[in-house]
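A structural walkthrough
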Amino acid sequence: MLELKSKISELRERFEDVKKVLKPEELREELKKLDERMSAPDFWNDQDKAKETVQRRKWVEETLEKIERLESSIKDVEELGEITPEEDTETWAMIDEEVNTIEKDLKELELKTYLSGEVDHKNAYLMIQAGAGGTEACDWADMLFRMYKRWAERKGFEVEIVDITPDDVAGIKSVTMLVKGPYAYGYLKGEQGVHRLVRISPFDANARRHTSFAAVSVMPQIDEEINIEIKPEDLKIETFRASGAGGQYVNKTDTAVRITHIPTGITVSCQQERSQYQNKRKALELLKAKLYQLELQKLEEKKKQYEGEKTDIGWGHQIRSYVFHPYKLVKDLRTGYETGNVDAVMDGEIDEFIESYLKWKKQKEKSN
């Protein structure tokens, strides 16, 4: 019984820590403001912003409900634990069961506290680039593309394809997609890096084992709230006819836009929309996100210089290994989290990897 009482006390402490970060009073105020915004007559004039607001309201409401439910549940088990005699094993078994449920719900709330970065709440641009290796690497990039789409579907997020380049034989050379949902960037930011696949190649007549690589980049969708200056004279804007597989990937258009940021050499393109104006707007938005990410990278490098140590998390650093043969294993090389259920992972079940990364990152920040 002492052990169970100690566990209840620990849950209370963890819950109070969660409340300090999530600030339920501020969330209640935000919910009121969101309701006011949604009741405005011109609310649906901008469909994209309206959808974001609806998603944000849902997230805030669900978070508040979980906080209030946990507050009540913890209070109930604390009071019941105080008045229950030690010999009443039936009641203690019931308390134990309730404590396990509380711990599970609390774990979900704790995950939200890891998403407290300045832009964690934003939508995310996710880009996949096939590495060297021709068709094998392009097929691997396409497999990752499907994995992230399935993950987004499971979360109830929307996926918008901004740009895609199919391979001539199979798979894709590259893809840029916009993942829309509350905290999409916060969840996906740890996916940035090189993903490595080991398998028997379906494209090898001799059935040999192949190793393939694909690079994943993740950036927040930046809006007017964050000031990133882009001078018109720094841009080279080209238009071209969209090409590719069409159908499952993009709409066929004649108004694709490519923009090069001359000072940095960053190039972006968009061919999803039906008008040149819309493609240009989307491409500029993506460029803004890339420039923001570049600034984050510079700050990280500067920070490491001041700390006098080399970073082991470079841009493009290998982060995860997916082995299909001679055994089945997906392992994150930073956190050490691994699973043998390869099929589930490739079907979008990557929440455990995301959660383990966010915990690992938080602990690392605390220790620095």
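Residues numbered from 1 in each chain as written. Predicted model: local features only at pLDDT ≥ 70, side-chain atom pairs only at ≥ 80, totals over all residues. Heavy atoms only, no water.

**Thoughts on the overall build of the chain**
In plain terms, the rule: Segments assigned H or I by DSSP are reported as helices when at least four residues long, segments assigned E as strands when at least two residues long, and all are numbered from the N terminus. Burial classification: accessible surface area is computed with a 1.4 Å probe over protein chains only, and a residue below 20% of its type maximum counts as buried, one above 50% as exposed, and the rest as partly exposed. Only heavy atoms enter the contact rule, under which two residues are in contact if any of them lie within 4.5 Å. Calculation of accessible area relied on Shrake-Rupley with a 1.4 Å probe; when residues are assessed, cover is drawn exclusively from the protein chains displayed. Just so you know, the count uses Lys and Arg for positive and Asp and Glu for negative, and it drops His and the chain ends. Think of each charge as sitting on NZ of Lys, CZ of Arg, CG of Asp or CD of Glu.
On a plain count of helices and strands, the chain comes out with nine helices and 11 strands. Within the chain, the proportion of its 368 residues that are buried is 45%. Considering only residue pairs separated by 6 or more positions, the chain has 65% of its internal contacts joining residues 24 or more positions apart. Here the chain displays about 19900 Å² of accessible surface, and carbon together with sulfur accounts for 47% of that area. If you average the places of the 60 positive and of the 73 negative side-chain charges in the chain, the two averages end up 6 Å apart.

**Considerations on the sheet that holds strand 1 (residues 124-130)**
Quick reminder of the rule: If DSSP finds at least two bridges between two strands, the strands pair.
Strand order across the open sheet formed by eight strands is 2-3-1-5-4-9-10-11, with mixed pairing between neighbours. Because the sheet does not close on itself, it has two edges, and the strands there are strand 2 (158-166) and strand 11 (338-339). Where strand 2 lies against strand 3 (residues 172-180), eight bridges are found, and the strand directions are antiparallel. Its bridge partner being in strand 3, Ile164 is matched across the sheet by Val175.

**Some words on the confidence of the model for the chain**
Worth spelling out the cut-off: Scored between 0 and 100, pLDDT is the confidence that the predictor attaches to each residue.
On average, residues of the chain carry a pLDDT of 86, and 90% of them reach 70 or more. Note that pLDDT drops below 50 for residues 245-251; the model gives that stretch 12 contacts with residues more than four away or on any other chain. Under a pLDDT of 50 for its full length, residues 306-316 has, in the predicted model, 11 contacts with residues more than four places off or in other chains.

**Details of the sheet that holds strand 6 (residues 235-240)**
Convention followed: Only the contacting stretch of a helix is used when fitting its axis, a line to C-alpha atoms as for every element, and angles between N-to-C directions run 0 to 180 degrees.
One open sheet accounts for three strands, arranged 6-7-8; its pairing is antiparallel. Pairing within the sheet leaves two strands with one partner each, and these edge strands are strand 6 and strand 8 (266-270). Neighbour to neighbour, the strand axes of the sheet diverge by 15 degrees on average, direction disregarded. Pairing geometry for strand 7 (residues 256-261) and strand 8, over five bridges, is antiparallel. The partner of Arg258 across the bridge, within strand 8, is Ser269.

**A word on the side chain of Lys112**
Among the structural elements, Lys112 can be located in helix 4 (residues 89-113). Beyond its immediate stretch of four places on either side in the chain, Lys112 contacts Leu22, Trp59 and Thr63.

**Observations concerning the packing of helix 1 (residues 2-22) against helix 4**
The relative placement of two packed helices comes down to the angle between their axes together with the axis-to-axis distance. Which entries qualify depends on this criterion: Between 65 and 115 degrees an angle is taken as roughly perpendicular, under 35 as roughly parallel, over 145 as roughly antiparallel, and anywhere else as oblique. Note: crossing handedness is left-handed where the near helix turns anticlockwise from the far helix by less than a right angle, and right-handed where it turns clockwise. We call Asp, Glu, Lys and Arg charged. Ala, Val, Leu, Ile, Met, Phe, Trp, Tyr, Cys and Pro are nonpolar, and the rest, Gly among them, are polar.
Orientation of helix 1 relative to helix 4, taken along the N-to-C sense of each, is 25 degrees, at an axis distance of 10 Å. With respect to each other, helix 1 and helix 4 are oriented roughly parallel. The element helix 1 and its partner helix 4 pack so that their crossing is left-handed. Every residue of helix 4 that contacts helix 1 at Leu4, Lys5, Lys7, Ile8, Leu11, Arg14, Phe15, Val18, Val21 and Leu22 is listed here: Trp92, Ile95, Asp96, Val99, Asn100, Ile102, Glu103, Leu106, Leu109, Glu110, Lys112 and Thr113. Broken down by class, the residue content of the contact of helix 1 with helix 4 amounts to 13 nonpolar, two polar and seven charged.

**Describing a negative patch on the surface**
Keep this limit in mind: Patch membership is restricted to residues that have no salt bridge and whose relative accessible area is over 30%. Joining uses 9 Å for like charges and 5 Å for the nonpolar side chains Val, Leu, Ile, Met, Phe, Trp and Tyr. Any carboxyl oxygen of Asp or Glu within 4 Å of a side-chain nitrogen of Lys or Arg constitutes a salt bridge here.
Residues Glu3, Asp76, Glu79, Asp96, Glu97 and Glu98 make up a contiguous surface patch of negative charge. Breaking the negative patch down by element, the ones donating at least two residues are helix 3 (47-83) and helix 4. Mapped onto the elements of the fold, Glu98 is located in helix 4. Judged by its relative accessible area of 31%, Glu98 falls in the partly exposed class.

**A word on the side chain of Ser201**
Structurally, Ser201 is set in the loop between strand 4 (193-200) and strand 5 (209-220). With relative accessibility at 5%, the residue Ser201 sits in the buried group. Beyond its immediate sequence surroundings of up to four residues, Ser201 is in contact with Glu136, Arg208 and His210.

**Points about helix 5 (residues 134-155)**
As a reminder, the rule being used: Expected span, for any helix, means 1.5 Å times one less than how many residues it has.
Helix length check: helix 5 (22 residues) gives 32 Å between terminal C-alpha atoms against 32 Å at 1.5 Å per residue, within 8%. A positive phi of about 80 degrees marks Gly156, the residue just after helix 5.

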